[in-house]
Amino acid sequence: QVQLIESGGGLVQTGGSLRLSCAASGLAFSTYTMAWFRQAPGKEREFVSYITWSDGRTNYADSLKGRFTISGDSAKKTLFLQMNALRPEDTAIYYCAATPWTYGELRSRTQYIYWGQGTRVTVSS
């Protein structure tokens, strides 16, 4: 049974930083593409970033480049998202996701099979 469990969310002031973690189990972590999505109140879930372990390829939503960094530890089956210079518009529930696809641009939520329950991030102004 695949499980993705996010942690690290919380309340932070504008300009602050948070590091999210996603602990994975039940899947061959190093053969999957792992991603972060987020969903703000009243909005659709949107792509944040993904990483493909097979070639180390990363991809980010254009608006987040330079502030967010995706990484992970394949041996520990843990995915991270370092978020810096946070803004109130970053307030959302952040979800970890996994897909066995490793080619193409994997920026659509429909391409991901497994999802975590999410961790809430609130950025105060």
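One can find the structure itself at the top, above this paragraph.
Fair warning: this is a prediction, and the values are worked out from it, not measured in the lab.

Undergrad: Any details on the packing of aromatic side chains? Residues and values, ideally.
TA: Under the definition given, this model contains nine aromatic pairs. Geometrically, the ring pair formed by Trp 101 and Tyr 103 is stacked, given 6.3 Å between the ring centres and 15 degrees between the ring planes. The ring of Phe 80 has Arg 19 lying over it, and the distance from NZ or CZ to the ring centre is 3.8 Å. Looking at Arg 45, its charged tip hangs above the ring of Tyr 95, at a distance of 3.6 Å from the centre.

Undergrad: An account of the sheet that holds strand β3 (residues 18-25) is requested, with residue identities and associated values reported.
TA: One open sheet accounts for four strands, arranged β1-β3-β8-β7; its pairing is antiparallel. Among the strands making up the open sheet, the edge pair consists of β1 (3-7) and β7 (68-73). Along the sheet, successive strands turn relative to each other by an average axial angle of 15 degrees, direction set aside. Bridge analysis of β3 against strand β8 (residues 78-83) gives six bridges, and the strand direction is antiparallel. Residue pairing across strands places Leu 20 opposite Leu 81, the latter belonging to β8.

Undergrad: I'd like a rundown of the side chain of Asp 90, residues and numbers included.
TA: Its place among the elements puts Asp 90 in the loop between β8 and β9 (92-99). A polar contact is formed between the side chain of Asp 90 and the side chain of Arg 67, at a distance of 2.8 Å. Once you skip the residues sitting within four places of it in the chain, Asp 90 turns out to touch Arg 38, Leu 64, Arg 67, Phe 68, Ala 85, Val 121 and Val 123.

Undergrad: Explain the nonpolar core to me, using residue names and the numbers behind them.
TA: Core analysis: the biggest nonpolar cluster contains 37 residues, and Met 34, Trp 36, Leu 79, Leu 81, Met 83 and Tyr 94 have the highest contact counts within it. Contributing elements (two or more residues each) for this core: β3, β4 (33-39), β5 (46-52), β7, β8, β9 and β11 (119-124). With five residues, β9 is the single largest residue contributor to this core. Contacts of Tyr 94, omitting those with residues within four sequence positions, involve Glu 6, Leu 20, Trp 36, Phe 37, Arg 38, Val 48, Phe 68, Leu 81, Met 83, Gly 118, Thr 119 and Val 121.

Undergrad: Mind laying out the environment of Ala 97, listing which residues take part and the relevant values?
TA: As for its placement among the helices and strands, Ala 97 is situated in strand β9. Ala 97 sits in the buried class, given a relative accessible area of 0%. Sequence separation of Ala 97 and Gln 111 is 14 residues, and the distance between their C-alpha atoms is 9.6 Å. With residues near it in sequence (within four places) discarded, Ala 97 still touches Leu 4, Thr 33, Met 34, Ala 35, Phe 37, Tyr 112, Tyr 114 and Trp 115.

Undergrad: Requested: an account of the environment of Thr 33, with residues and values cited.
TA: In this fold, Thr 33 is placed in strand β4. Between the alpha carbons of Thr 33 and Arg 19 there is a distance of 19 Å; along the sequence they are 14 residues apart. If we ignore the near neighbours within four places in the chain, the residues touching Thr 33 are Tyr 50, Ile 51, Thr 52, Ala 97, Ala 98, Thr 99, Trp 101, Thr 102, Leu 106 and Tyr 112. In this structure the side chain of Thr 33 is engaged in a polar contact, spanning 2.7 Å, whose partner is the backbone oxygen of Trp 101.

Rules of the game
Residues numbered from 1 in each chain as written. Predicted model: local features only at pLDDT ≥ 70, side-chain atom pairs only at ≥ 80, totals over all residues. Heavy atoms only, no water. Phe/Tyr/Trp six-rings, centres within 6.5 Å; stacked < 30°, edge-to-face > 60°. Lys NZ or Arg CZ within 6 Å of the ring centre and 35° of its normal. Pairing = 2+ DSSP bridges. Helix = DSSP H or I, 4+ residues; strand = E, 2+ residues; numbered from the N terminus. Axes fitted to C-alpha atoms, helices over the stretch in contact; angles between N-to-C directions. Polar contact = N/O pair within 3.5 Å; in protein donor to acceptor, adjacent residues only side chain to side chain. Contact = heavy atoms within 4.5 Å. Core = buried A, V, L, I, M, F, W, Y, C linked by side-chain atoms within 4.5 Å. Buried < 20%, exposed > 50% of the residue type's maximum accessible area, 1.4 Å probe, protein only.

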